[in-house]
Amino acid sequence: MFTIAEIGQAHDGSLGMLHAYIDAVAATGVNAIKFQTHIAEAESSVHEPFRIKFSQQDETRYDYWKRMEFTPEQWVGIGKHCKEAGLIFMSSPFSNAAVDVLEKAGVEQYKIGSGEVNNFLLLKNVIATGKPIIISSGMSSFDELDKTADFLKQHSATFSILQCTTDYPTQPENYGLNVIQQLKERYGVPVGFSDHSAKVATGIAAVALGAEILEFHVVFNRNMFGPDVSSSLTIDETKSLVEGANDIYTALRNPVDKADNSAYTQLKQIFEKSLAVNKKLPQGHILEFGDLEAKKPKGYGIDAAKYTEVIGKPLKMGLDQWDFLTEDAIDLND
């Protein structure tokens, strides 16, 4: 199971906050940490509108992206810290200039955000790095994904696809968990789930339905500022999700053969039961259902499952209360 903690803009432009996230995420058990690499001049313009006006300090969306930037040297430090913390360093570039920065920083895998899936100019540049690519399907139809998948395959790219709903936070009726299997069958590549529900259960359900990759936003506290806070998990929730997802992933790859219970032979001897009598009975007594009890362990009397075979049979000897009922004690041929 490959788990990715998405930091996105949770650092709010603070380099110190970003490095704090690396250390915190490293303790959750995730495999990778993912950022977004923004270079305002290369990816945007002053004409880009706010999708949602969430910021009181940024006049334009362009100003916001500008505030989210880090220098190439700072990205090198980010990549180094990720590797020191034992995390795979991932990022989503939003321009070819960002790809150049990430290559110098030693990024190990690329994530292509929903809005860039049809940006073949960017894809061609990312493919040229030779590094694994994860595509988010959030805003794409199957027709659009078909074209992107064909483009990636034509260029021999190593890629996977995530079912994603571009809705923050995503409501249950929009999770699209059914799409996971559809993507697997359609493209024949590893498929995962990019979650914006801010709920642990959603990711675990996705794994149970076949997701091999799980990506989710992470934030220190849901009272923090940022566009993705309401759709993020906390650090503690991330730990719970990673543990649960890994358990379910392991379970699915280790099917149990219910036809074979040989592993329980010793336990069955302990927990299964033998027939006994629940009262003192004289020799010659004709056994009735009300005379019988089942007691542990198995093998000290007739198996409890065979109780119908002793009802109506006479005792060959007297028995005390709670004595096991053995074949020697009754006349089974009577």
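Residues numbered from 1 in each chain as written. Predicted model: local features only at pLDDT ≥ 70, side-chain atom pairs only at ≥ 80, totals over all residues. Heavy atoms only, no water.

1. Describing the UniProt feature "domain: AFP-like" (unreviewed entry) in the protein chain
When the UniProt feature table is mapped onto this chain numbering, "domain: AFP-like" (unreviewed entry) sits at residues 274–333. Helix makes up 0% of residues 274–333 and strand 13%. Its end C-alpha atoms lie 20 Å apart. (UniProt positions renumbered as here; feature names shortened; annotations may be inferred. Helix = DSSP H or I, 4+ residues; strand = E, 2+ residues; numbered from the N terminus.)

2. Some remarks on the side chain of Thr170
Note on placement: Thr170 falls in the loop between β6 (159–164) and α8 (179–187). A distance of 2.6 Å separates a polar atom in the side chain of Thr170 from the backbone oxygen of Asp167. Other than its neighbours up to four places away in sequence, Thr170 contacts Thr165, Tyr175, His196 and Ser197. (Polar contact = N/O pair within 3.5 Å; in protein donor to acceptor, adjacent residues only side chain to side chain. Contact = heavy atoms within 4.5 Å.)

3. Points about unusual backbone geometry
Cis geometry is found at the peptide bond from Tyr168 to Pro169, where omega equals -15°. Locating Pro169 in the fold gives a position in the loop between β6 and α8. Going from Lys296 to Pro297, the amide bond is cis rather than trans, its omega being 0°. Its identity as a non-glycine residue notwithstanding, Ala198 has a phi of 65°, on the positive side. Here Ala198 is to be found in the loop between β7 (191–195) and α9 (200–208). One non-glycine residue, Trp322, lies in the positive phi region at around 75°.

4. Concerning the side chain of His217
By the secondary structure assignment, His217 is in strand β8 (residues 213–217). Note on His217: relative accessible area 6%, which makes it buried. Those residues in contact with His217 that sit more than four places away from it in its chain are Glu6, Asp195, His196, Asp228, Ser231, Ser232 and Leu233. (Buried < 20%, exposed > 50% of the residue type's maximum accessible area, 1.4 Å probe, protein only.)

5. Comments concerning the sheet that holds β8
Strands sit in the order β1-β2-β3-β4-β5-β6-β7-β8 around a closed barrel of 8 strands; the barrel is parallel. Strand-to-strand twist across the sheet, computed as the mean angle between neighbouring axes with direction ignored, equals 25°. Set on the sheet, helix α1 (residues 15–26) makes contact with β1 (2–8) and β2 (32–37); between it and β2 the angle comes to about 160°. The sheet strands contacting helix α7 (residues 142–154) are β5 (133–136) and β6, and the helix crosses β5 at an angle near 170°. (Pairing = 2+ DSSP bridges. Axes fitted to C-alpha atoms, helices over the stretch in contact; angles between N-to-C directions.)

6. Some remarks on the pattern of salt bridges
A complete count under the given rule lists 12 salt bridges for this structure. Between Arg222 and Glu237 there is a salt bridge, with the nearest N and O atoms lying 2.5 Å from each other. Taken as a pair, Arg222 in the loop between β8 and α10 (235–252) and Glu237 in helix α10 lie far apart in primary sequence, 15 residues in all. Residue Arg222 is classed as partly exposed on the basis of its relative accessible area of 35%. Each of Lys268, Glu272 and Lys298 takes part in salt bridges that share partners, so that together they form one network. (Salt bridge = Lys/Arg side-chain N within 4 Å of Asp/Glu carboxyl O.)

7. What to know about the packing of α1 against helix α4 (residues 72–84)
Where α1 contacts α4, the axes come no closer than 10 Å and their chain directions differ by 15°. Classed by the angle they form, the pair α1 and α4 counts as roughly parallel. The interaxial crossing formed by α1 with α4 has right-handed handedness. Here Leu15, Leu18, His19, Ile22 and Asp23 of α1 lie close against α4, whose contacting residues are Gln74, Gly77, Ile78, His81 and Cys82. (Parallel < 35°, antiparallel > 145°, perpendicular 65-115°, else oblique. Left-handed = near helix turned anticlockwise from the far one by under 90°.)

8. A few points about the packing of aromatic side chains
Under the counting rule described, the total for this entry stands at 9 aromatic pairs. Between Phe35 and Trp75, the ring centres sit 6.1 Å apart and the planes meet at 70°, which makes this aromatic pair edge-to-face. With Phe35 in strand β2 and Trp75 in helix α4, the pair connects residues that are 40 residues apart, well separated along the chain. The exposure classification of Phe35 matches that of Trp75, with both residues buried. A connected cluster of aromatic rings, assembled from ring pairs, spans Phe35, Phe70, Trp75 and Phe89. Above the ring of Tyr249, the side-chain terminus of Arg253 is found at 3.6 Å from the ring centroid. (Phe/Tyr/Trp six-rings, centres within 6.5 Å; stacked < 30°, edge-to-face > 60°. Lys NZ or Arg CZ within 6 Å of the ring centre and 35° of its normal.)

9. Looking at α7
Taking 1.5 Å as the rise per residue, α7 with 13 residues should run 18 Å; its terminal C-alpha atoms sit 18 Å apart, in good agreement. Every buried residue of α7 is listed here: Leu145, Thr148, Ala149, Phe151 and Leu152. Projected down its long axis, α7 carries its buried residues within an arc of 160°, all on one side. At the exit of α7 stands Ser156, carrying a positive phi of roughly 55°. (Expected span 1.5 Å × (residues − 1). Arc of directions from axis to C-beta.)

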